[in-house]
Amino acid sequence: MSDITIFHNPACGTSRNVLALIRNSGVEPRIVEYLKTPPGRAALTDLLAALAVPVRRVLRQKGTPYDELKLDDVKWTDDELIDFMVLHPILMNRPIVVTPLGTRLCRPSEVVLDILPSPQRGPFSKEDGESVIDEAGRRVHP
């Protein structure tokens, strides 16, 4: 079993790019399609602690009930926001990747390169054609 886990939404281009970058390092990660099998409250709380970012940073607004629930209101505590994410997993921003080197919300997708234990094995371009990794497996900086 892989020591890399991706909380993945296959409908998300960024998530697909991150999964492809993980695979380009020679690893088949554990894939958690969090909309089909959402993490429970305890697992989500652990994930948020590992991310070490404010809970609000992990909330997704676009294509979610964020606005309808008025989650931009400062009255909501972190615990309440976590409860909303448990009830509505679509509120969880993605992709989140866990590796032995750390846990990150990988937006933009290149963030995953900072926590992959193995180097890239070859060239890689995002779905939109943007080159990320060159022929030698090195990161391309714009």
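Residues numbered from 1 in each chain as written. Predicted model: local features only at pLDDT ≥ 70, side-chain atom pairs only at ≥ 80, totals over all residues. Heavy atoms only, no water.

1. Comments concerning the sheet that holds strand β1 (residues 5-8)
Phase 1 of the analysis: Strand order in the open sheet formed by four strands is β2-β1-β3-β4, and the pairing between neighbours is mixed. This sheet does not close on itself; its edge strands, each paired only once, are β2 (30-33) and β4 (102-105). Each adjacent strand pair in this sheet contributes to an overall mean axis angle of 15°, direction not counted.
Phase 2 of the analysis: Of the pairings in the sheet, the one linking β1 to strand β3 (residues 96-99) comprises three bridges and is antiparallel in character. From the neighbouring strand, Ile 6 faces β3, where its bridge partner is Val 97.
Phase 3 of the analysis: Helix α1 (residues 13-24) rests against β1, β2 and β3 of the sheet, and its axis sits at about 160° to β1.
Phase 4 of the analysis: Against the sheet, helix α2 (residues 41-51) engages β1, β3 and β4, with an angle of about 95° to β4. (Pairing = 2+ DSSP bridges. Helix = DSSP H or I, 4+ residues; strand = E, 2+ residues; numbered from the N terminus. Axes fitted to C-alpha atoms, helices over the stretch in contact; angles between N-to-C directions. Contact = heavy atoms within 4.5 Å.)

2. Here we look at the pairing of β1
Along any regular strand the residues' side chains alternate between the sheet's two faces.
Phase 1 of the analysis: Alternating positions in β1 separate into two faces, Thr 5 and Phe 7 on one and Ile 6 and His 8 on the other, with burial throughout.
Phase 2 of the analysis: In the sheet, β1 pairs with β2 via four bridges, with the strands oriented parallel. Paired with His 8 across the two strands is Glu 33, which belongs to β2.
Phase 3 of the analysis: Considered for its hand, the β-α-β crossover made up of β1, α1 and β2 is right-handed. (Buried < 20%, exposed > 50% of the residue type's maximum accessible area, 1.4 Å probe, protein only. Right-handed = clockwise from strand over helix to strand, strands pointing away.)

So yeah, pure geometry; function would need other evidence.
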